[in-house]
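# An overview of the molecular structure
Spelled out, the chains give:
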Amino acid sequence: MLNTLKLKKISLVKLTLLILSLIMALFFFGCTAPATNPDGGAGVENEEIKEENNGAENGEIADEEKEEEKEEEICPEEKKAEERREREVALQEELGEFFVPLPPLEKEENPPVKARGIYVTGNSAGYEERFNRLLEMIETSELNTMVIDVKNDHGIITYPSEIEIAQEIQEGQAVPVRDIGEVIDRLEKRDIYPIARIVVFRDPLLSRHYPEWFLQRKEGGVWEDGKGFKWSSPYMKEVWDYNIAIAKEAALMGFREIQFDYVRFPENAERLDRETNFPGQDDRSKEEIIRDFLIYAGEELEEYNVYLSADVFGVISTSWGDSDEIGQNWEKLTPYVDYICPMVYPSHYGPGYFGYSVPDAEPAGTVRHGLKDAVKRNAPVEDPAIIRPYLQGFTASWVRGNISYGPQEVRAQINAALELGIDEYLIWNARNRYNPDFFLTEEAARQERERILKEREEEGRCTLNKTAREALVDYLEGVKEKDWRKTYLLHSTDFSIDYREYRDWVEEWVSGPYSYEITDSREEREGKSYELDLVIRAGEEELKLEGQTFKVYKENKIWRVSPPSLFTDLLTRAPRPRDQ
């Protein structure tokens, strides 16, 4: 009996413990196991747990992303530097002996400068006493610029070059300036604008090493001009790369502008074409190949943070097209450089130019005429270069009837340019013998510029010294005379037509204004508007047009005319009453 009771008690205890275990298990299970909703989705408690877990995971991801962002903030510069190194290696392989290192990623400021300067040879830059005199003259005058030979007329580079092919070519040559960086530093400390002059296609030194790149005599051998100089062929890409490599190096040295000189074929085209062959010649004309060289140079120098300028013959602003067949056509050059520098030396114009028997004896008049033509040629071009002329700072003793060029003659040229709104200039003297009396003080020169500008603005005159009304009358007279040169200059065409197309259009004219009267005018926001009554005549037929509106406004600093479409339509067809 006792044993039976013990067993029952033990069983009861076990049962009790079992029940307690089950209760505890159920309690624990309820805290941890997912509760189910009627639709079988996760319960609220589970969602909270998930959010906590996800929050923790997202926090870790967010931290990782922040770390990556921090890395990205640092990496772009390193990435750029690595890309630059890779590109430089590729360029070195591509360019070989013409290779020049790329410029720094961080560019220094290079704001445009109203350059008023002098030409300086490498020898002058390297001769301490002479260089100091030139620096002093610039510091005490209106001057602010020095054009220094980097590669001169003989092909000699002014400083020791690091370019592989240049080292080969320049070997054994005396170097006028051992430390060009020091020269640039001295100019920068005085706020003097440094321009690197590079003579391009006339290069006797290069011909000794690569005669196959040069103009060849048809009977054999390298051709020479009348002065014994040898000229490289502008069609040779190697010649382009050689000169552009020097330009890049000059930019790295601290020059802020590259000025290409002798960027042309030799003079006396008739003799040249008769006697020579042009290595590398293709179907491009002389003017096209010179244009293409400047385009290529601009592209290659774009990241080197320099301006590009080109010296051109003064007469190309007066003659249309490449009339001298030297490859210099104003309209094909001015869009592709920042500055165009016509060498309007009075001594370089022959007898009869601009009506002068001796242009050299008329410094003001000759420069005025030459630069007025330059302004006219720039006017119809959408984005022309700034005109910065070379003026004569020497006496041309070889010219019959010449005059001595002193302070008065130099000042007359500077003022002639100023009258046309051209307030930049460079003075040329091959021996660098400049008289300080050529120049005014900076303050006196500023006052002179402001006086001339104020007078022109008060009278409403453009850089050609014409009022809007005078420009309109000149245009109408040009149409009457069928003078395409005059009308092309003054006719606003939105830069959509070049002079050849315009000339052909003028040749199609069958009628024009027989008479006209300006009946009214009014000021407009960008110019003036004139009402005209005109009589249009073609042969015996004529038509009267009343109240025709001609708008006159400035483009490229000169007044240009926008005629009504009816007027221009009638120029190419006989007028009839129904056209009213």
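Residues numbered from 1 in each chain as written. Predicted model: local features only at pLDDT ≥ 70, side-chain atom pairs only at ≥ 80, totals over all residues. Heavy atoms only, no water.

### A look at the pairing of strand S8 (residues 339-343)
- Across the five residues that make up S8, a large majority, five, are buried.
- On S8, burial covers both faces: Tyr339, Cys341 and Met343 on one face and Ile340 and Pro342 on the other are all buried.
- Relative to S8, strand S7 (residues 307-313) runs parallel, the two being bridged by five bridges. By the bridge assignment, Phe313 is partnered in S8 with Met343.
- Where S8 lies against strand S9 (residues 386-387), two bridges are found, and the strand directions are parallel. Its bridge partner being in S9, Ile340 is matched across the sheet by Ile387. (Buried < 20%, exposed > 50% of the residue type's maximum accessible area, 1.4 Å probe, protein only. Helix = DSSP H or I, 4+ residues; strand = E, 2+ residues; numbered from the N terminus. Pairing = 2+ DSSP bridges.)

### Brief notes about the sheet that holds strand S14 (residues 541-555)
- Strand order in the open sheet formed by four strands is S12-S13-S14-S15, with antiparallel pairing between adjacent strands. The sheet is open, and its two borders are formed by strand S12 (512-524) and strand S15 (558-562), each paired with just one other strand. Geometrically, the sheet is characterised by an average inter-axis angle of 25° between neighbouring strands, direction not taken into account.
- Of the strands in this sheet, S12, strand S13 (527-538), S14 and S15 are in contact with helix H15 (residues 468-481), which crosses S12 at around 160°. (Axes fitted to C-alpha atoms, helices over the stretch in contact; angles between N-to-C directions. Contact = heavy atoms within 4.5 Å.)

### Regarding the packing of aromatic side chains
- Applying the stated criterion to the full structure yields 26 aromatic pairs.
- Residues Tyr349 and Tyr353 carry aromatic rings whose centres are separated by 5.3 Å and whose planes lie at 70° to one another, so their mutual orientation is edge-to-face.
- The exposure class of Tyr349 is buried, given its relative accessible area of 5%.
- Exposure remark for Tyr353: the relative accessible area of 30% places this residue in the partly exposed category.
- Put simply, the rings of Trp320, Trp484, Tyr488, Tyr499, Tyr502, Trp505 and Trp509 pair up and form one aromatic cluster.
- Its end group placed over the ring of Trp320, Arg377 keeps NZ or CZ at 4.1 Å from the ring centre. (Phe/Tyr/Trp six-rings, centres within 6.5 Å; stacked < 30°, edge-to-face > 60°. Lys NZ or Arg CZ within 6 Å of the ring centre and 35° of its normal.)

### Section: the packing of helix H8 (residues 237-253) against helix H10 (residues 286-301)
- Interhelical geometry of H8 versus H10 gives an angle of 40° and a closest axis separation of 10 Å. In terms of axis orientation, H8 runs oblique to H10. Between H8 and H10 lies a crossing of right-handed hand. For the pair H8 and H10, the contacting residues are Lys237, Trp240, Asp241, Ile244, Ala247 and Lys248 in the first and Ile289, Asp292, Phe293, Tyr296, Ala297, Glu300 and Leu301 in the second.
- Within the contact of H8 with H10, the residues separate by chemical class into eight nonpolar, no polar and five charged. (Parallel < 35°, antiparallel > 145°, perpendicular 65-115°, else oblique. Left-handed = near helix turned anticlockwise from the far one by under 90°. Nonpolar A, V, L, I, M, F, W, Y, C, P; charged D, E, K, R; others polar.)

### Quick word on the confidence of the model for the chain
- When pLDDT is averaged along the chain, the result is 88, and 86% of the positions lie at 70 or above.
- Per-residue pLDDT stays below 50 along residues 1-20; that stretch engages in zero contacts with residues further than four places along the chain or on separate chains.
- Throughout residues 22-53 the model reports pLDDT below 50, and contacts reaching past four residues in sequence, or to other chains, amount to eight contacts. (pLDDT = per-residue confidence, 0-100.)

### Some details on the packing of helix H12 (residues 363-378) against helix H13 (residues 407-418)
- At a minimum axis distance of 8 Å, the contact between H12 and H13 shows a crossing angle of 30°. Compared by their axis directions, H12 and H13 come out roughly parallel. The handedness of the crossing between H12 and H13 comes out as right-handed. Contacts between H12 and H13 involve Pro363, Ala364, Val367, Arg368 and Leu371 from the former and Glu409, Ala412, Gln413, Ala416 and Ala417 from the latter.
- Here the residues of the contact of H12 with H13 are counted per class, giving seven nonpolar, one polar and two charged.

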